[in-house]
Every structure is written in C-alpha cells, then in structure tokens.
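Here is how the chains run, residue by residue.
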Amino acid sequence: GIATALVAAYLAVRATFRATTVEALRPTGVEVEGPRGLVRPMVVGFGLVAATWLVGLAPRQPGFYTMVALVIFTQGVAYAGAAVLGPVLVTAAGGGARRLARWSRWLPLRLAAENLPRSPGRGGATVATIAAAVGMAVTLTGLVQSFEGAWLGWIEQHFGADMFVGSGERFRLLAGPPMRVEIGTTLADIPGVASVEPFRVLRARLGERPIFLHGVSVDHRLAHGGLAMVEGDLAAAAPALRDGTGVLVSDNLATRLGLHRGGTLELPTPAGPRRFHIEGTFTDY
C-alpha cells in the first residue's frame, strides 16, 4: 500500500510540475488532450473493473489460500481500473464544472472550471492517488470491523455465563482438571443461580495436528441460544450428540481438513480410533 501510494504520488507530482505555474495559467501553456485520448483509458478502465466480476466464476468452495489470493488480486485490479479511469472522471467533472461556472462571476471558480478538463491525464493522476488511498482505507476498515464483530460476537456467545468455576490452583479455560458432578449440583442449589452448564476441553491430536475436544451439555446449549452454526442445526444434531455417535466440527478445522456435514471423522479414544459422523460445523476460535 505504501509503495503504491508513493509511486502514484510521484507520477502526479511529475506531471504537475512539468509545466511552470505561469505557463499553466495560459491557454497554450499545457497541451490540451482531445476526446480521442480518453477512449483508450475508458476502454481499459471499464475492462479492468468488469474483470473483477470474474470472481463469480470461481469454484463455490475454493481453498482458504485461494480465496484470500483471489480477493487481493481482484482488489488490485479494481484499484488499477479506477486509476485508469481517472482522466475520464476528470473530463466529466470538468465539463459539468464549466457549465455551472458560466452562471458565476467569481473569477477563481471560472478559472478552475476552465483549467480542470484541459489536462485530464495530469488531473487523473491526482484523482487516482486519492482514490487508491481511500479504497485501501475502506478495505482495511471493513476488514477490521468484520473481524471485531465476529470476534466479539463469539466471545459473548461462548463466554456468556456470569461466573466460571474451575478446579485447582491455576485458572484455565482450556484443558482444566475435571470436577465432580456433585459440585455442579451444589452450585445449582445456591439461591440466585439460574443454571449450571458443565463443559470440558481436552487436548488431543488428529494425525500430526493438535486439536481440542470440547464437551458441552447439549440441553443447556439449546436452552441458552445454541451455537453459531455454519452447516447444520444444533437441534437436529442433538440426538446423535447425546448418543455419542456424532460430533460437531469447528469451521476452522473443517476448512483446513476439507470437512463438511455428512462426512466422517476418525478420533483417538481410550479404546482405539473411532469414527464419528459429522453432524455440522460451527464458528469457534
């Protein structure tokens, strides 16, 4: 982004300072570009912008890295198309400014309106610099806001309890030591406690990949908003989860291993490897 801004700014400055200030104010000081010089930028610019719609021809479920590369590439093409269209936009704006300036007696406004469309290439370079910077800022802002919204939404859903109770001297949300069932019953009998939802996280390995096995109370999850499902429905998956024949897979693991609802997943157990039916995928960080 910095390199693009510097190069675009350099081109704009060089084009502007080729003519002296005094000569630029004269009608013959700067070479006037005719409409023919705008045909090529218009064709190329609209062609590049239209090419970004080719992303719709991509496979429905491309790989993660393929999708990221495709998004970055199409954004670059869109920036390039907007930059090439700069002279065209300057010419259109200059034509409108000239018509409006005819109704004004303010000399600076009339001079600006007359000078703007005389050199669309020079003005277009400036417009392209500003457009590229604004486009990058909008893209980064949308990315940050999207990540923040998804992250905070998951925090509120996953850690929605008012209090977390653990066992041992060290507080750990992941892979903490197990607690007796009687403790949960005792906590539930305390006045003011609405419900006690047990959960446990175990570290495990799936081939060469470290994973976490997350055990939850399905009935409690259904009573408190369920899970943010990507594929499938928690209520429909509940019977298989209770029977121990099905599992849910996080969207991150599903993306990395190409897993989907309806497939199978082999997990290590104390009795040896065992296959489970994938009942759905859910958002989990």
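Going by the structure above, here's the rest.
This structure is a prediction, so every number in the text was calculated from the model and none was measured.

Student: Can you walk me through the pattern of salt bridges in this structure?
Tutor: Note that side chains of opposite charge can pair when their charged atoms are close. In this structure the tally under the stated criterion is four salt bridges. Of the charged contacts, one joins Arg-180 and Glu-182 as a salt bridge, the two residues approaching to 3.9 Å between their closest N and O atoms. Linking Glu-197 and Arg-221 is a salt bridge whose minimum nitrogen-to-oxygen distance equals 2.6 Å. Pair noted here: Glu-197 is in the loop between helix 8 (181-188) and strand 1 (199-206) and Arg-221 is in helix 9 (residues 218-223), with a separation of 24 residues, a long-range link. Among the residues examined, Arg-221 registers a relative accessible area of 10% and is labelled buried.

Student: Is there a simple way to explain the packing of aromatic side chains in this structure?
Tutor: Each aromatic ring pair is specified by the distance between its two centres and by the angle formed by the two planes. Taken as a whole, this structure holds four aromatic pairs when the rule is applied. When the ring of Trp-151 is compared with that of Trp-154, the centres are 5.5 Å apart and the planes differ by 35°; the resulting orientation is tilted. Separated by three residues within a single helix, Trp-151 and Trp-154 lie in helix 7 (residues 120-158), roughly one turn from each other. Take Trp-151: its relative accessible area is 35%, and that puts it in the partly exposed class. Its relative accessible area of 10% is what places Trp-154 among the buried residues. Seen from their ring centres, Trp-151 and Tyr-285 are 5.5 Å apart, and the 65° between their planes marks the pair as edge-to-face. Placement of Trp-151 in helix 7 and of Tyr-285 in the segment after strand 6 (274-282) is noted, with a sequence separation of 134 residues between them. Tyr-285 gets classed as partly exposed once you look at its relative accessible area, which sits at 47%. Joined through ring pairs, the aromatic side chains of Trp-151, Trp-154 and Tyr-285 make up one cluster.

Student: I keep staring at helix 4 (residues 64-84) and nothing clicks. Help me out?
Tutor: Turn by turn, an α-helix covers 3.6 residues, leaving residues three or four places apart pointing in a common direction. Over its 21 residues, helix 4 extends 31 Å from the first C-alpha to the last, a length consistent with the 30 Å expected when each residue adds 1.5 Å. For helix 4, the complete set of buried residues consists of Thr-74, Val-77 and Gly-81. Down the axis, helix 4 shows its buried residues gathered within 60° of arc, on one side only. Summarising the geometry of helix 4, the exposed residues directed more than 90 degrees from the buried face are Phe-64, Tyr-65 and Ile-72. At its buried positions, helix 4 is contacted by helix 3 (39-51).

Student: So what exactly am I meant to see when it comes to the nonpolar core here?
Tutor: Buried together is how nonpolar side chains tend to be arranged in soluble globular proteins. One finds Ala-204, Leu-206, Ile-211, Val-247, Val-249, Leu-253, Ala-254, Leu-259, Leu-265, Leu-267, Phe-276 and Ile-278 forming the largest nonpolar core, which totals twelve residues. Looking at this core, the elements that each hand over two or more residues are strand 1, strand 4 (246-250), helix 11 (251-257), strand 5 (264-267) and strand 6. The contacts of Ile-211, once residues within four sequence positions are left out, are Leu-202, Arg-203, Ala-204, Arg-205, Leu-206, Leu-253 and Leu-267.

Student: What should I look at first to understand the environment of Tyr-79 in this one?
Tutor: For Tyr-79, the position within the fold is in helix 4. Each C-alpha atom of the pair Tyr-79 and Ala-131 lies 7.9 Å from the other, and the pair is 52 residues apart in sequence. For Tyr-79, the residues in contact, after removing those within four places along its chain, are Gly-135, Met-136 and Thr-139. Within polar-contact distance, the side chain of Tyr-79 engages the backbone oxygen of Gly-135 at 3.0 Å. Side-chain polar atoms of Tyr-79 contact the side chain of Thr-139, separated by 3.0 Å.

Criteria and cut-off values
- Residues numbered from 1 in each chain as written.
- Predicted model: local features only at pLDDT ≥ 70, side-chain atom pairs only at ≥ 80, totals over all residues.
- Heavy atoms only, no water.
- Salt bridge = Lys/Arg side-chain N within 4 Å of Asp/Glu carboxyl O.
- Helix = DSSP H or I, 4+ residues; strand = E, 2+ residues; numbered from the N terminus.
- Buried < 20%, exposed > 50% of the residue type's maximum accessible area, 1.4 Å probe, protein only.
- Phe/Tyr/Trp six-rings, centres within 6.5 Å; stacked < 30°, edge-to-face > 60°.
- Expected span 1.5 Å × (residues − 1).
- Arc of directions from axis to C-beta.
- Contact = heavy atoms within 4.5 Å.
- Core = buried A, V, L, I, M, F, W, Y, C linked by side-chain atoms within 4.5 Å.
- Polar contact = N/O pair within 3.5 Å; in protein donor to acceptor, adjacent residues only side chain to side chain.

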